[in-house]
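Geometric and topological summary
The lines below spell out each chain.
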Amino acid sequence: MMTEVNRLEVPKPLSRLGETFRGAGHELYLVGGYVRDGLLGEAGLDVDATTGAHPREIKRLLGPRAEHLWTVGERFGTIGAKVGGYAVEVTTYRSDLYTQGSRHPEVRFGESLEEDLARRDFTINAIAADALTGRVIDPFDGRKDLALGVIRPVGEPIDRMRDDPLRMLRAVRFETALSLPERPFATTADLEAAIRENAHWLESISAERIREEFEKILLSGNVAHGLRALVRLGLMPYVVPEFMETVDVEQEAEFHHKDVFEHTLIVVESIASENPDMREGEFPILRKAAFFHDIGKPRTLVYEHRCTYCGAKSTQKTAEEAECERCGGRTVPKKIHFYGHENVGASIARRAMQRLAYPKDAVDAVAHLVAHHMRPYGYAASRDPWSDAAVRRFIRDTYLARGERVLADVDMLLKLARADITGSAPRRRRIAEESWRSLKGRVDEIRTLDAVERLESPLDGNDLMRHFGREPGRWIKGLKDYLQNEVVEGRLGKDDTERAYELAEAYAREHDIFEE
């Protein structure tokens, strides 16, 4: 049993560090996630350690054994190093305290391992192992809680949350990340109560720290469980408050058998990191796009009413019966619509991600995918098959790049659309899947002929200025956009400069672009 594990196997590079610190008169203990995951048989290459040595001494001792040293956390007592393939961060024993309204902890160095472990968040993270011998030190029965699947605070829940309110999000993250079907984890009842009562303390935490925890929850294998917990515990209003609007918002039963909240959880979970077609860097973007894809629905919800007397249609903001404007008869709700929810959702996603200090590229990519996520449904709903030119426009419109970096493209949008189908009503799912396969086939067929995303005008700005004998100006963009569109539509060859000059002259005459 885990509670009987008294010694952790310590890899050579780490035991040598323990020997170095011991030789200088200091103890070195492995702590936190490395020990926790090691006891679960899942130890990684990121290592947290603690010692009585102060930062200057830590640097001196790490230096000779480190392939690389970093000191960005030095003012908090932390020195990092790359040692034998391990990323090791060594921190002086300490105790942190957040005062209400402050976004930065008051850092105080401690005197002992016991004091250091006592200030940690949860018992499963308050287990240490001697870096030299592997001897396990477990003053708060963390091994027992690991075996039972319990997220329990060290000491009083209210004290631990007050020390650092981010721990409320960390509790959800650990419950989410550690849970497996055969080994579920859950927070204790007193911890959940403390979180619910004090969720507002997250207002004192920086956006960057909140984003980091939210991202880990969002990318976990149990993401739906994590998002439910954020909502249930009252934490989501301090992360993405707009997401709370999706709870209990009904949808058209013909297309979706779940409300917006439940549908979103299904779609987010359907974006799987193990998908063999998932390219590097796509997974985090697609998970966020799935999270935000329908967040605009609550604000665009309208009910299509039908008059029971004259049959006239109208739209209302509620499902309550109303009076027909045409004949004065009674109207009843027949359908639910979310007109333009993709554009509203893209705006919400952009604002929410900017609040959480996400990088600009990530913000733009997610907002772009959300704004276009309904386009594949246009293919399914079209009475006439899309022309090749329509497919090329679809590929072009869904492409977003910054310099040579591709931020989003049709492949990513189709992956999002495929996940969205999993949240459809069962009787509609088969039809949607057939339409998706047809669209993907058309896209692949068109792309074998041309790199559609990179189709450009045969003439650049310099060509046009030389041809027309004009200085740079806004006229260039209009002409280039027109010629590029002709290429995309298939009416102009991508290398046909002669025809491009003819079209440019005709466009200039027709639109009087040089008229003074």
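This report concerns the structure included in the present document.

What counts, and at which threshold
Residues numbered from 1 in each chain as written. Predicted model: local features only at pLDDT ≥ 70, side-chain atom pairs only at ≥ 80, totals over all residues. Heavy atoms only, no water. Helix = DSSP H or I, 4+ residues; strand = E, 2+ residues; numbered from the N terminus. Buried < 20%, exposed > 50% of the residue type's maximum accessible area, 1.4 Å probe, protein only. Contact = heavy atoms within 4.5 Å. Salt bridge = Lys/Arg side-chain N within 4 Å of Asp/Glu carboxyl O. Pairing = 2+ DSSP bridges. 1 Å grid on protein atoms, 1.4 Å probe; cavity = no way out; pocket = protein on both sides within 12 Å on 5 of 7 lines; lining within 4 Å. Points joined across faces, edges and corners; volume = space filled by probe spheres on them. Nonpolar A, V, L, I, M, F, W, Y, C, P; charged D, E, K, R; others polar. Axes fitted to C-alpha atoms, helices over the stretch in contact; angles between N-to-C directions. Expected span 1.5 Å × (residues − 1). Phe/Tyr/Trp six-rings, centres within 6.5 Å; stacked < 30°, edge-to-face > 60°. Polar contact = N/O pair within 3.5 Å; in protein donor to acceptor, adjacent residues only side chain to side chain. Core = buried A, V, L, I, M, F, W, Y, C linked by side-chain atoms within 4.5 Å. Parallel < 35°, antiparallel > 145°, perpendicular 65-115°, else oblique. Left-handed = near helix turned anticlockwise from the far one by under 90°.

Re the overall build of the protein chain
- A tally of regular secondary structure across the protein chain gives 22 helices and 17 strands.
- By its C-alpha atoms, the protein chain is 85 × 70 × 40 Å across when sized along the principal axes.
- Buried residues in the protein chain amount to 52% of all 516 residues.
- Excluding contacts between residues fewer than 6 apart, the proportion of contacts in the protein chain whose partners are at least 24 apart in sequence is 66%.

A few points about the pattern of salt bridges
- Enumeration according to the criterion identifies 45 salt bridges in this entry.
- A salt bridge links aspartate 37 to arginine 36, with the nearest nitrogen and oxygen atoms 3.1 Å apart. The pair aspartate 37 / arginine 36 is uniform in exposure class, with both members buried.
- A salt bridge links aspartate 138 to arginine 143; its shortest N-O distance comes to 2.9 Å. You'll find aspartate 138 and arginine 143 in the same group, each marked buried.
- The network of salt bridges with shared partners includes Arg279, Glu282, Asp409, Asp411, Lys415 and Arg447.

Comments concerning the sheet that holds strand S15 (residues 330-338)
- Sheet architecture is open: 4 strands sit in the order S13-S12-S15-S14, paired in antiparallel fashion. Two strands lie at the open edges of the sheet, namely strand S13 (313-316) and strand S14 (322-323), each paired on one side alone.
- Of the strand pairs in this sheet, S14 and S15 are connected by 2 bridges, and their pairing is antiparallel. Residue pairing across strands places glutamate 323 opposite arginine 330, the latter belonging to S15.

Describing the layout of surface pockets
- Roughly 1200 Å³ of volume is contained in the largest pocket.
- Forming the boundary of the largest pocket are 35 residues, of which Asp48, Glu89, Arg94, Arg170 and Arg209 lie nearest the centre.
- Taken together, the elements giving at least two residues each to the lining of the largest pocket come down to helix H2 (32-39), strand S2 (46-51), strand S5 (86-92), strand S6 (94-97), helix H7 (167-178) and helix H9 (207-218).
- Looking at the lining of the largest pocket residue by residue, the classes come out as 9 nonpolar, 8 polar and 18 charged.

Comments concerning the sheet that holds strand S4 (residues 78-83)
- Spatially, the 7 strands line up as an open sheet ordered S3-S4-S5-S2-S1-S8-S9, and their pairing is mixed. Bordering the open sheet on either side are strand S3 (68-70) and strand S9 (136-137), each of which pairs with just one other strand.
- The pairing of S4 with S5 spans 6 bridges and is classified as antiparallel. Pairing of valine 83 across the sheet is with tyrosine 86, part of S5.
- Relative to the sheet, helix H1 (residues 12-23) contacts strand S1 (28-31), S2, S4, S5 and strand S8 (128-130), its axis offset from that of S5 by approximately 30°.
- Those strands touched by H2 are S1, S2, S5 and S8, and its axis lies near 65° from that of S1.

Digging into H9
- Counted at 1.5 Å a residue, the expected span for H9 with its 12 residues is 16 Å, and the 16 Å between its end C-alpha atoms agrees.
- Buried residues of H9: Ala207, Ile210, Glu213, Phe214, Glu215, Ile217 and Leu218, and no others.
- Residues of H9 that are buried sit in contact with H7, helix H10 (223-232), helix H11 (260-270), helix H12 (282-292) and helix H14 (341-355).

Details of the packing of aromatic side chains
- In the structure shown here, the tally under the stated rule is 9 aromatic pairs.
- With a centroid separation of 4.9 Å and 85° between ring planes, the pair formed by phenylalanine 291 and phenylalanine 292 is classed as edge-to-face. Exposure class is identical for phenylalanine 291 and phenylalanine 292. Each is buried.
- One aromatic cluster is present, built from ring pairs that chain together Phe214, Phe243, Phe261, Phe291 and Phe292.

As for the side chain of lysine 415
- As for its position among the elements, lysine 415 is in helix H18 (residues 410-422).
- The class for lysine 415 is buried, based on a relative accessible area of 14%.
- Within the local environment of lysine 415, its side chain forms a polar contact with the side chain of glutamate 282, the two groups lying 3.1 Å apart.
- Excluding its chain neighbours within four sequence positions, the residues that come into contact with lysine 415 are Ile271, Asp277, Met278, Arg279, Glu282 and Leu286.

Some remarks on the nonpolar core
- In this structure, Phe214, Leu227, Leu235, Val240, Phe291 and Phe292 are the most contacted members of the largest nonpolar core, which totals 127 residues.
- If one sorts the elements of this core by residue count, H18 sits on top with 8 residues.
- What leucine 235 contacts, discounting residues up to four positions off in sequence, is Met168, Leu169, Val172, Ile195, Ala199, Leu202 and Leu230.

A few points about the pairing of S4
- Along S4, 5 of the 6 residues are buried, which leaves the element largely enclosed by surrounding structure.
- If you look at the hairpin formed by S4 and S5, you'll find 2 residues sitting between the two strands, and glycine 84 has a positive phi there, around 55°.

Some remarks on the packing of helix H20 (residues 461-468) against helix H22 (residues 497-511)
- At a minimum axis distance of 12 Å, the contact between H20 and H22 shows a crossing angle of 65°. The angle between the axes of H20 and H22 places the two elements in the roughly perpendicular class. Crossing handedness for the pair H20 and H22: right-handed. Of the residues in H22, those touching H20 at Asp463, Leu464, His467 and Phe468 are Tyr501, Ala504, Glu505 and Ala508.
- Grouping the constituent residues of the contact of H20 with H22 by class yields 5 nonpolar, 1 polar and 2 charged.

Some thoughts on the side chain of threonine 91
- Along the chain, the position of threonine 91 falls in strand S5.
- Classification of threonine 91 by relative accessible area gives buried; the value is 12%.
- With residues near it in sequence (within four places) discarded, threonine 91 still touches Ala49, Thr50, Thr51, Ile58, Phe76, Gly77 and Thr78.

With respect to the packing of H14 against helix H15 (residues 360-372)
- Between H14 and H15, the shortest axis-to-axis distance is 8 Å and the interhelical angle comes to 165°. Between H14 and H15, the angle is such that the two are roughly antiparallel. When you trace H14 past H15, the crossing you get is right-handed. Two secondary-structure elements touch here, H14 through Glu342, Asn343, Gly345, Ala346, Ala349, Arg350, Met353 and Gln354 and H15 through Ala362, Val363, Asp364, Val366, Ala367, Val370 and Ala371.
- Among the residues making up the contact of H14 with H15, the classes are represented as 9 nonpolar, 3 polar and 3 charged.

This is a description of form; function is not addressed.
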